[in-house]
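These are the residues of each chain, in order.
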Amino acid sequence: MIKHINFPKIGWRLKSLLPALLSALLLILLCCSCGKAEASQKTLRQQGMDLVNLMAQMAASEEYGTIIGADNSSFERLLQGIKAGEYTSPTAVYELSPPSMQQFLSIIGEETALDGLPDTLKNMLNSRTASLLANQFNAQVGSDALALSSLYAAEKTFVSNELETDLIYLYFFDSGYPITVTFRGGEDHTVKATGNFVLTKDLDASSIDQIKQALALFGLGCEIRLLEE
């Protein structure tokens, strides 16, 4: 014999608990909205090195390479060059101002492409140019370099009071390839950092002028300065 279940009684119990549940949920939402993440004590240079170390770990793992599809014979030479690097201590770190979207468009002969856009959209496009710099160098090497750099890119988000405008840090090492880390500012001092391998040996770590000349070949002009340790 099937016993009768008193659904109304269960419903009454749930209704009696509803005010308490709503109060608890409201308290949680208030706590989440009031609390703000504290600014990190790490410098931007140190935050960038966190990404560098992560990328070196990614490249050293054959299992990780298999998962992301980097176990391809066309990547073998470049990947060996990455793995041969020693990325614990940079020999030089340069700070670069990101080129404008106008500069990138001028390279392909589209100087007037931004003319019809409102300032809000122009600003959005300009905020994305920092990440395009590594792509320019890798594209010169070839499609395999562009694809491999994308596979081994790394990102992190943190809070920092140090960043005033979007920046690019270019890290050089005794062996291996240079690495760019772009820093993009967001609301409430949040920063999104993205790291990319620059798979070229044509950049001279000891010469700002040579780096400027390499950028000039793309039609790009960036302010560059050497960061002190």
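What you are looking at is a predicted structure, and each value in this text was computed from that prediction instead of being measured.

A closer look at the side chain of Glu-95
Alright, step 1. Residue placement: Glu-95 occurs in strand 1 (residues 92-96).
Alright, step 2. Ignoring anything within four residues of it in the chain, the contact list for Glu-95 reads Leu-167, Ile-168, Tyr-169, Glu-223, Ile-224, Arg-225 and Leu-227.

Remarks on helix 4 (residues 76-83)
Alright, step 1. Among all positions in helix 4, only Leu-78, Leu-79 and Ile-82 are buried. Down the axis of helix 4, the sector holding all buried residues measures 95 degrees, keeping them to one side. Opposite its buried face, helix 4 presents the exposed residues Glu-76 and Arg-77, each directed more than 90 degrees away.
Alright, step 2. Residues of helix 4 that are buried in the fold lie against helix 2 (44-60), helix 8 (143-151) and strand 5 (190-197).

What to know about the sheet that holds strand 5
Alright, step 1. With respect to topology, six strands assemble into an open sheet ordered 2-5-4-3-1-6, the strand pairing being antiparallel. Strands with a single pairing partner mark the edges of an open sheet, and in this sheet they are strand 2 (154-159) and strand 6 (224-226). For this sheet, the mean inter-axis angle between neighbouring strands, taken without regard to orientation, is 20 degrees.
Alright, step 2. As paired strands, strand 3 (residues 167-172) and strand 4 (residues 179-185) are joined by five bridges and run antiparallel to one another. Each bridged residue has a counterpart across the sheet, and for Tyr-169 the counterpart in strand 4 is Val-181.
Alright, step 3. Sheet contacts for helix 2: strand 1, strand 2, strand 3, strand 4 and strand 5; angle to strand 2, the most-contacted strand, approximately 150 degrees.

Quick look at the pairing of strand 1
Alright, step 1. Most of strand 1 is tucked away: five of the five residues are buried.
Alright, step 2. Side chains Ala-92, Tyr-94 and Leu-96 project from strand 1 onto one buried face, and the interleaved Val-93 and Glu-95 project onto a second face that is buried too.
Alright, step 3. Bridge count between strand 1 and strand 3: five bridges; the pairing is antiparallel. Across the sheet, Leu-96 pairs through a bridge with Ile-168, a residue of strand 3.
Alright, step 4. Note: strand 1 against strand 6, three bridges, orientation antiparallel. Along strand 6, the bridge assignment pairs Leu-96 with Ile-224.

Some details on empty space enclosed by the protein
Vacant regions in the atomic arrangement are exposed by a probe of water-molecule size rolled over the atoms.
Alright, step 1. Under the criterion given, the structure shown has one cavity of 30 Å³ or more.
Alright, step 2. If you add up the space inside the largest cavity, you get close to 40 Å³.
Alright, step 3. In terms of lining, the largest cavity is formed by Leu-96, Leu-133, Phe-137, Leu-170, Thr-180, Val-198 and Leu-203.
Alright, step 4. By residue class, the composition of the lining of the largest cavity is six nonpolar, one polar and no charged.

Thoughts on the layout of surface pockets
Alright, step 1. Roughly 210 Å³ of internal volume is contained in the largest pocket.
Alright, step 2. Of all the secondary-structure elements, those providing two or more residues to the lining of the largest pocket are helix 7 (132-141) and helix 9 (208-216).
Alright, step 3. In terms of residue count, the dominant contributor to the lining of the largest pocket is helix 7 (three residues).
Alright, step 4. Grouping the amino acids of the lining of the largest pocket by side-chain chemistry returns five nonpolar, three polar and two charged.

Details of the pairing of strand 5
Alright, step 1. Counting buried residues in strand 5 gives six out of eight residues, a clear majority hidden from the surface.
Alright, step 2. Bridge analysis of strand 4 against strand 5 gives seven bridges, and the strand direction is antiparallel. Looking at the pairing, Arg-184 lines up with Lys-192 of strand 5.
Alright, step 3. Turn length for the strand 4-strand 5 hairpin, with the two strands adjacent in sequence and antiparallel, is four residues, and the turn residue Asp-188 shows positive phi of about 55 degrees.

A closer look at the confidence of the model for the protein
Alright, step 1. Per-residue pLDDT for the protein averages 82, and the proportion of residues at 70 or more is 75%.
Alright, step 2. Below a pLDDT of 50 lies the segment residues 4-15, which in the model reaches one contact outside its immediate sequence neighbourhood of four places, other chains included.

Focus: the packing of aromatic side chains
Alright, step 1. Enumeration over the complete set of coordinates arrives at seven aromatic pairs.
Alright, step 2. Aromatic side chains Tyr-94 and Phe-172 sit 5.9 Å apart centroid to centroid with 90 degrees between the ring planes, which places their arrangement in the edge-to-face category. On the criterion of sequence distance, the pair formed by Tyr-94 in strand 1 and Phe-172 in strand 3 is long-range, its members being 78 residues apart.
Alright, step 3. For Phe-172, a relative accessible area of 4% corresponds to the buried category.
Alright, step 4. The interplanar angle of 75 degrees and the centroid separation of 6.5 Å between the aromatic rings of Phe-158 and Phe-183 together place this pair among those described as edge-to-face. Taken together, the residues span a long stretch of sequence, with Phe-158 in strand 2 and Phe-183 in strand 4 at a distance of 25 residues.
Alright, step 5. The class of Phe-158 is buried, set by a relative accessible area of 8%.
Alright, step 6. Joined through ring pairs, the aromatic side chains of Phe-158, Tyr-169, Tyr-171 and Phe-183 make up one cluster.
Alright, step 7. The ring of Tyr-177 is capped by Lys-201, whose NZ or CZ atom sits 4.5 Å from the centre of that ring.

The rules we used
- Residues numbered from 1 in each chain as written.
- Predicted model: local features only at pLDDT ≥ 70, side-chain atom pairs only at ≥ 80, totals over all residues.
- Heavy atoms only, no water.
- Helix = DSSP H or I, 4+ residues; strand = E, 2+ residues; numbered from the N terminus.
- Contact = heavy atoms within 4.5 Å.
- Buried < 20%, exposed > 50% of the residue type's maximum accessible area, 1.4 Å probe, protein only.
- Arc of directions from axis to C-beta.
- Pairing = 2+ DSSP bridges.
- Axes fitted to C-alpha atoms, helices over the stretch in contact; angles between N-to-C directions.
- 1 Å grid on protein atoms, 1.4 Å probe; cavity = no way out; pocket = protein on both sides within 12 Å on 5 of 7 lines; lining within 4 Å.
- Points joined across faces, edges and corners; volume = space filled by probe spheres on them.
- Nonpolar A, V, L, I, M, F, W, Y, C, P; charged D, E, K, R; others polar.
- pLDDT = per-residue confidence, 0-100.
- Phe/Tyr/Trp six-rings, centres within 6.5 Å; stacked < 30°, edge-to-face > 60°.
- Lys NZ or Arg CZ within 6 Å of the ring centre and 35° of its normal.

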